[in-house]
Amino acid sequence: MISGRCAACKYLRRRCPSDCIFSPYFPPNDPQRFSCVHRIYGASNVGKMLQQLPPHLRSQAADTLYFEAQYRLQDPVYGCVGIISQLHRQINSAESQVAKIQAEISFLNSNAQEVEEPQVDQHIEANSNFINNLLPEQINTRDLSPYGLPSTQTPWFN
């Protein structure tokens with residue numbers, strides 16, 4: 001049996017007029033939608049709210065009323081505010097974890113640079129001490145690059 005009544009008119013057991021404020025937003029195939037909204041706000045209040053809004057905002061308002069009513073039934077104390085608070089806590093937790101990980105990365109990077117720099121300095125210092133201890137005839141001035149000094153040798157492809 002196909003009925004032309006919307007979910008609100010079925011729930012309220014009344015005839016659905018052709019200009020019913022509820023019919024576009026509470027279809028007959030989803031009676032739970034109006035049931036939730038009616039339990040929290042009441043049919044009269046929902047009708048007044050929808051009539052006060054411009055027609056292009058009514059669909060969004062009906063969706064919002066359903067969402068808020070659904071979560072108010074699940075959590076009578078906090079409703080959708082409880083979910084918003086939970087999401088804020090998750091965001092804050094994730095942000096603090098990101099900050100902590102970024103601090104660890106920068107700390108590890110700074111430690112890695114400190115460890116690498118002394119080794120390079122020690123290597124250059126050891127090589128320069130070796131070169132300083134050589135006699136002048138032992139120094140090949142053409143190629144000192146393995147000791148961390150610039151080479152005086154000209155490249156062959158010039």
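Residues numbered from 1 in each chain as written. Predicted model: local features only at pLDDT ≥ 70, side-chain atom pairs only at ≥ 80, totals over all residues. Heavy atoms only, no water.

(A) Molecular detail of the overall build of the protein chain. The number of helices and strands found in the protein chain is five helices and zero strands. Scanning the protein chain from its N terminus toward the C terminus, one meets helices and strands in the order α-α-α-α-α. Relative to all contacts within the protein chain whose residues are 6 or more apart in sequence, the contacts with residues 24 or more apart total 36%. Total accessible area computed for the protein chain in this model is approximately 12,000 Å², and 55% of it derives from carbon and sulfur atoms. (Helix = DSSP H or I, 4+ residues; strand = E, 2+ residues; numbered from the N terminus. Contact = heavy atoms within 4.5 Å. Areas by Shrake-Rupley, 256 points an atom, 1.4 Å probe, with all protein chains shown as cover.)

(B) Region of interest: the nonpolar core. By size, the foremost hydrophobic cluster in this structure holds 21 residues, and its most contacted members are Cys-6, Phe-22, Phe-26, Phe-34, Val-37, Val-46 and Leu-50. Going through the elements one at a time, helix H1 (7–12), helix H2 (31–41), helix H3 (43–52) and helix H4 (55–74) are the ones with two or more residues in this core. Examining the composition of this core, we find that five residues originate from one element, H4, more than from any other. Residues within four places of Phe-34 in sequence aside, it is in contact with Ala-7, Ala-8, Tyr-11, Leu-12, Phe-22, Phe-26 and Ala-43. (Core = buried A, V, L, I, M, F, W, Y, C linked by side-chain atoms within 4.5 Å. Buried < 20%, exposed > 50% of the residue type's maximum accessible area, 1.4 Å probe, protein only.)

(C) Molecular detail of the packing of H3 against H4. Orientation of H3 relative to H4, taken along the N-to-C sense of each, is 150°, at an axis distance of 9 Å. In terms of orientation, H3 lies roughly antiparallel with respect to H4. In the packing of H3 onto H4, the handedness of the crossing is right-handed. For the pair H3 and H4, contact is made by Val-46, Met-49, Leu-50 and Gln-51 and by Arg-58, Ala-61, Ala-62 and Leu-65, respectively. Residue classes in the contact of H3 with H4 are distributed as six nonpolar, one polar and one charged. (Axes fitted to C-alpha atoms, helices over the stretch in contact; angles between N-to-C directions. Parallel < 35°, antiparallel > 145°, perpendicular 65-115°, else oblique. Left-handed = near helix turned anticlockwise from the far one by under 90°. Nonpolar A, V, L, I, M, F, W, Y, C, P; charged D, E, K, R; others polar.)

(D) Expanded view of the environment of Ala-7. Turning to its location among the elements, Ala-7 is positioned in helix H1. Residues Ala-7 and Phe-22 lie 15 residues apart in sequence; the distance between their C-alpha atoms is 8.0 Å. Not counting residues within four places of it along the chain, the set of residues in contact with Ala-7 comprises Phe-26, Pro-27, Pro-28, Asp-30, Pro-31 and Phe-34.

(E) Representation of H2. Residues of H2 that are buried include every one of Arg-33, Phe-34, Ser-35, Cys-36 and Val-37, and no others. One or two residues past the end of H2 sits Gly-42, with phi positive at roughly 85°.

(F) Looking closely at the UniProt feature "coiled-coil region" (unreviewed entry) in the protein chain. Annotation from UniProt places "coiled-coil region" (unreviewed entry) at residues 84–111. In residues 84–111, the share of helix is 100% and the share of strand is 0%. The end C-alpha atoms are 40 Å apart. (UniProt positions renumbered as here; feature names shortened; annotations may be inferred.)

(G) Inspection of the environment of Phe-26 at higher detail. One can find Phe-26 in the loop between H1 and H2. Residue classification places Phe-26 among the buried positions, given a relative accessible area of 0%. Between the C-alpha atoms of Phe-26 and Arg-5, which are 21 residues apart in sequence, the distance is 10.0 Å. Not counting chain neighbours up to four residues away, the residues in contact with Phe-26 comprise Cys-6, Ala-7, Ala-8, Arg-33, Phe-34, Val-37, Val-46, Leu-50 and Ala-62.

(H) Inspection of a nonpolar patch on the surface at higher detail. Side chains of Val-77, Tyr-78 and Val-81 sit close together on the surface and give an oily, nonpolar patch of about 320 Å² of accessible area. Relative accessible area serves as the criterion here: at 62%, Val-77 is assigned to the exposed category. (Patch = residues over 30% accessible without salt bridge, like charges linked within 9 Å, V, L, I, M, F, W, Y side chains within 5 Å. Salt bridge = Lys/Arg side-chain N within 4 Å of Asp/Glu carboxyl O.)

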